[in-house]
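Residues per chain are reported as follows:
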Amino acid sequence: PGDLLYAFTSFFTTSLKKEGNSGRMYNIRLAAERLSGVRVEEGGMFSFNEICGPYTKENGYRSAPILSGESEMGYGGGVCQVCSTFYNIVLRVPMVIEEMNWHSQGGVSYLPAGFDATVGTNSDLVVRNVLPYTLRIEFENLDGVMTAFLFRDYED
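Criteria and thresholds
- Residues numbered from 1 in each chain as written.
- Predicted model: local features only at pLDDT ≥ 70, side-chain atom pairs only at ≥ 80, totals over all residues.
- Heavy atoms only, no water.
- Pairing = 2+ DSSP bridges.
- Helix = DSSP H or I, 4+ residues; strand = E, 2+ residues; numbered from the N terminus.
- Contact = heavy atoms within 4.5 Å.
- Axes fitted to C-alpha atoms, helices over the stretch in contact; angles between N-to-C directions.
- Core = buried A, V, L, I, M, F, W, Y, C linked by side-chain atoms within 4.5 Å.
- Buried < 20%, exposed > 50% of the residue type's maximum accessible area, 1.4 Å probe, protein only.
- Phe/Tyr/Trp six-rings, centres within 6.5 Å; stacked < 30°, edge-to-face > 60°.
- Lys NZ or Arg CZ within 6 Å of the ring centre and 35° of its normal.
- Salt bridge = Lys/Arg side-chain N within 4 Å of Asp/Glu carboxyl O.
- Expected span 1.5 Å × (residues − 1).
- Patch = residues over 30% accessible without salt bridge, like charges linked within 9 Å, V, L, I, M, F, W, Y side chains within 5 Å.
- Areas by Shrake-Rupley, 256 points an atom, 1.4 Å probe, with all protein chains shown as cover.

A. Examining the sheet that holds strand E2 (residues 39–40) more closely. Strand order in the open sheet formed by four strands is E1-E9-E8-E2, and the pairing between neighbours is antiparallel. The sheet is open, and its two borders are formed by strand E1 (3–11) and E2, each paired with just one other strand. Two strands pair when backbone bridges link them, and E1 and strand E9 (residues 145–152) are joined in this way by eight bridges, in the antiparallel orientation. In the sheet register, Phe 11 faces E9, and the bridge partner there is Val 145. In this fold helix H1 (residues 21–35) packs onto strand E8 (135–142) and E9, with an angle of close to 155° to the strand it touches most, E8.

B. How the structure looks around the nonpolar core. One finds Phe 46, Phe 48, Phe 86, Leu 125, Ile 137 and Phe 139 to be the most contacted residues of the largest nonpolar core, which totals 41 residues. Every element with two or more residues in this core is listed here: H1, helix H2 (48–52), helix H3 (79–90), E8 and E9. Considering every element that reaches this core, the biggest residue donor is H3, with eight residues. In this structure Phe 139 touches Ala 32, Leu 35, Ser 36, Val 82, Thr 85, Phe 86, Met 146, Thr 147 and Ala 148, once residues within four positions along its chain are discounted.

C. Highlighting the packing of aromatic side chains. On inspection of all chains with the given rule, the structure shows three aromatic pairs. Taking the centre distance of 5.0 Å and the plane angle of 55° together, the rings of Phe 46 and Phe 86 count as tilted. With Phe 46 in strand E3 (residues 45–47) and Phe 86 in helix H3, the pair connects residues that are 40 residues apart, well separated along the chain. Between Tyr 55 and Tyr 61 the ring centres are 5.5 Å apart and the planes differ by 55°, which places this aromatic pair in the tilted class. Residue Tyr 61 is classed as buried on the basis of its relative accessible area, which comes to 2%. It is Arg 62 that lies over the ring of Tyr 26; its NZ or CZ is 3.6 Å from the centre. The residue whose ring lies beneath Arg 152 is Tyr 133, and the NZ or CZ to ring-centre distance is 4.2 Å.

D. Main features of the pattern of salt bridges. Within the structure shown, the criterion is met by five salt bridges. Here Glu 98 ties to Arg 128 by a salt bridge, and the two come within 2.8 Å at their closest N and O atoms. Residue Glu 98 is found in strand E6 (residues 95–99), and its partner Arg 128 is found in strand E7 (residues 126–129); the two are separated by 30 residues along the sequence. Given a relative accessible area of 30%, Arg 128 falls into the partly exposed group.

E. Region of interest: H3. Here H3 spans 17 Å end to end across twelve residues, near enough to the 16 Å set by a 1.5 Å rise per residue. Burial analysis of H3 places twelve of its twelve residues in the buried class, the great majority of the element.

F. The arrangement of a nonpolar patch on the surface in detail. Taken together, the side chains of Leu 91, Ile 97 and Phe 115 present a nonpolar region at the surface, about 220 Å² in accessible area. Tracing the backbone through its elements, the reader meets Ile 97 in strand E6. Relative accessible area serves as the criterion here: at 33%, Ile 97 is assigned to the partly exposed category.

What is shown is where atoms sit, not what they do.
As structure tokens, then:
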């Protein structure tokens, strides 16, 4: 229920031949599940790390390639793609970005440069809802296709 405001899709490999990719797929699914159903009240703040962090074994994350396999292994590898997928919705609806960080000037392999957002111990994606109603975040994740949805949420 609710009006769909925007959706954005990104893609990831499901090949198990790539080292650590099963952990990356698991982390993507875990972070997307944690975000699904999150509501951001009118005037409210949303912090990605508050919901999904910390990116540790103790918090349920597995070791996986950081930066889509272009760097070392670490707990929570793949979560940045979930964040980046949501960030691309934020760029297209009236929300104020309070904090965000890019991976690097060159960006990441799964999105054009400038359209990624990284999260971690020292970086977060924080946005403020300036719309006159509550927003609801949802994710779908199937066979290497991840879609983030942002809905106008209605009271039950």
